[in-house]
Each structure stands twice: as structure tokens, then as C-alpha cells.
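Residue-level structural notes
Listed below, chain by chain, are the residues.
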Amino acid sequence: MPMSIPLASQEARWFFEGGSVRHADVQQWFEQYSPYPRASGVGPPVWRPRKDGKSDIYLLVPGAADIGIKWREGDLQVKGRVADLGTVVFAGWHAGRVERWVKWSYGALPGAYRDIFERTASLDTVTVHKTRALRKIRLGTFTGAAEEVAATTLLDRGLNIEMTDLSVDGRAYCSVAFEAFPDDSAMHAAFNGAVSLFLEGLTSVTLSVQDSRSYPHWLRDR
């Protein structure tokens, strides 16, 4: 089994009823607003389903919103919240909860582990179909400089900005999320500044803290 390298991140996420087509102003902002310089060859974001059209299967822990356990494309992923940094106001009017998370991924597991998610009727699981568009920002450690790079670029330090169409039990939703990594001592200030700069372009819609939560929290309350 491949060894997992824990990924520490800071995140803010919002969920909405209905798919992205129902939230055209948000989708247009996400796809077109560009407050950062772009590296050569960076094009508009591309919407992609999960590999081979597969879905994420979440194992829900009763009463818990601080842990996410899921089966994704043959990998077991465990994600735990290590800190709730509270409500942050971005760009003067958008509000969201910022949290610190650590994620572990384990691949090449025996089939019995997949059975936990797909065949164990006594456990509470939720299947989530996702189609996602991703943008990536490289964040300079010392200079604070930010540059948008291609979504396929591997970064040591950066910010993922994603918009995702979700389908759960035949109902459509969508989400907008910012995820910065790694969670080093300078990241909180860099995260707040970068997210605020990006959200300055979203003027026709206000993101509210009532819509802001993690995947485990959203799936538990849904």
C-alpha cells in the first residue's frame, strides 16, 4: 500500500441548492474573473467529471462534522478538521467559515475496504456525483506574489479555487471553495488576502456564512 503524506490546508467552502446553471452569476465570476497575473498558456477553467465517471462515496460518522471519510477512485481518504478559525469577512461583504484540515490518502487497498462503502448496508453512506472546474494560484512564500497557473501544475504552496456541480440522491447542488496549502505559519494571512482579492469580483451575489460549511457538515445537515 502506498504511503500517505498528510496534506494540511486552510479552507472556506459554500454550498447552494441547484447546479451551476442556476447560479449563472457565480459561474461567470468563477470562470472569467482574473485578479492575478497568468502564467503562459493558462486558459479558461475546464469542467471535468471524476475519472471514468466514478462518484465519491462518503461514510458518515453520526453526529460528527469534523471528519470526512470517503472512497474516491480506488483510494481511501480520511480528512480531519484540526481547527475552526471562525467566520471571516472577505472583500468587505462575503462571509465564510475558515477551517484547518489534514488529509491522508491510501491507495491499492484490498477490496474489503471498498466493501465498507458499497456493500455494508448497516453503515450510513452517501454517494456524491461531482463535475468540477479548478483554478490554481501559486503563492510566493517570501514575496507574497501570486500567479495563476494551469490546473495541472503541481504546487508546493498555493491556492485551489474550485466550483463543483454535485448530485446527491437525484438532487442538484453546487459549491464554491478555496483551499490553500500547506498550512504554514504565514498561510492564514496569505489565504485571507488572496480569497478577498478574488471575491472582490463577485459583486452581484453575496456569499453568506449560513451557506458556508465543510463537506462532512453539509452532508450531515443536508
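Look above for the structure.
Report follows, based on the coordinates. (Residues numbered from 1 in each chain as written. Predicted model: local features only at pLDDT ≥ 70, side-chain atom pairs only at ≥ 80, totals over all residues. Heavy atoms only, no water.)

1. Concerning the overall build of the chain
We count it as follows: Helix and strand labels come from DSSP, where a helix needs a run of H or I of at least four residues and a strand needs a run of E of at least two; each type is numbered from the N terminus. Only protein chains enter the area calculation, which uses a 1.4 Å probe; residues under 20% of their type maximum are buried, those over 50% are exposed, and those in between are partly exposed. Residue contacts are defined here by distance: any two heavy atoms, one from each residue, within 4.5 Å place the two residues in contact. Each accessible area value is a Shrake-Rupley result obtained with a 1.4 Å probe; residue values ignore everything except the protein chains displayed when judging cover. Under this rule, positive means Lys or Arg and negative means Asp or Glu; His and the chain ends count for nothing. By convention, the point assigned to a charge is CZ for Arg, NZ for Lys, CD for Glu and CG for Asp.
Broken down by element type, the chain carries 4 helices and 10 strands. Reading the chain from its N terminus to its C terminus gives the helix and strand order β-α-β-β-β-β-β-α-β-β-β-β-α-α. On the principal axes, the C-alpha backbone points of the chain span a range of 50 × 40 × 35 Å. Here the chain, with 222 residues, has 44% of them falling under the buried criterion. Excluding contacts between residues fewer than 6 apart, the proportion of contacts in the chain whose partners are at least 24 apart in sequence is 70%. Surface accessibility of the chain: about 11000 Å² in total, with carbon and sulfur atoms responsible for 52%. In the chain, the 26 positive side-chain charges and the 26 negative ones have mean positions that sit 2 Å from each other.

2. A word on a nonpolar patch on the surface
For the record, the criterion: Residues forming no salt bridge and having over 30% relative accessible area are the ones grouped into patches, like charges within 9 Å of each other and nonpolar side chains (Val, Leu, Ile, Met, Phe, Trp, Tyr) within 5 Å. A pairing counts as a salt bridge when a side-chain nitrogen of Lys or Arg comes within 4 Å of a carboxyl oxygen of Asp or Glu.
Together, Tyr113, Ile116 and Leu123 make up an exposed nonpolar region whose accessible area comes to about 240 Å². On the secondary structure map, isoleucine 116 appears in helix α2 (residues 111-118).

3. Regarding unusual backbone geometry
The residue after phenylalanine 181, namely proline 182, is reached through a cis peptide bond having omega -10°. Tracing the backbone through its elements, the reader meets proline 182 in the loop between β10 (171-181) and α3 (187-199). The backbone phi angle of alanine 108 is positive, close to 55°, even though this residue is not glycine. Judged by its relative accessible area of 64%, alanine 108 is exposed. In this structure, aspartate 169 is a non-glycine residue whose phi angle is positive, near 55°. On the secondary structure map, aspartate 169 appears in the loop between β9 (158-168) and β10.

4. A closer look at the pattern of salt bridges
Tallying each qualifying case throughout the model produces 17 salt bridges. Of the charged contacts in the structure, one is a salt bridge between aspartate 184 and arginine 157, with a shortest N-O distance of 2.8 Å. A residue pair is termed long-range when its members are at least 10 positions apart, and aspartate 184 in the loop between β10 and α3 and arginine 157 in the loop between β8 (146-149) and β9 qualify at 27 residues. Overall, aspartate 184 belongs to the partly exposed group, its relative accessible area being 25%. Of the residues examined, arginine 157 reaches a relative accessible area of 8% and is grouped as buried. The salt bridge involving aspartate 221 is made with arginine 213; its shortest N-O contact spans 3.6 Å. Residue aspartate 221 is classed as partly exposed on the basis of its relative accessible area of 40%.

5. Section: the packing of aromatic side chains
Selection criterion: Aromatic pairing here means that ring centres of Phe, Tyr or Trp (its six-membered ring) are within 6.5 Å. Orientation follows from the plane angle: under 30 degrees is stacked, over 60 is edge-to-face, and everything else is tilted. Whether a charge sits over a ring comes down to the Lys NZ or Arg CZ being within 6 Å of the ring centre and within 35 degrees of the ring normal.
If you walk through the whole model with that rule in mind, you get 13 aromatic pairs. A ring pair is formed by tryptophan 29 and phenylalanine 198, whose centres lie 5.2 Å apart and whose planes are at 75°; its orientation type is edge-to-face. Highlighted residues: tryptophan 29 in helix α1 (residues 24-32) and phenylalanine 198 in helix α3, separated in sequence by 169 residues. Each of the two residues, tryptophan 29 as well as phenylalanine 198, counts as buried. Look at phenylalanine 198 and you get buried, because its relative accessible area is 0%. A cation over a ring is seen here: lysine 130 above tyrosine 215, with NZ or CZ 4.2 Å from the ring centre.

6. Describing the environment of proline 6
If you trace the backbone, proline 6 turns up in the segment before β1 (7-17). When the C-alpha positions of proline 6 and phenylalanine 178 are compared, they lie 19 Å apart, and in sequence the two are 172 residues distant. When near neighbours in sequence (up to four residues on either side) are disregarded, proline 6 contacts Val102, Lys103 and Trp104.

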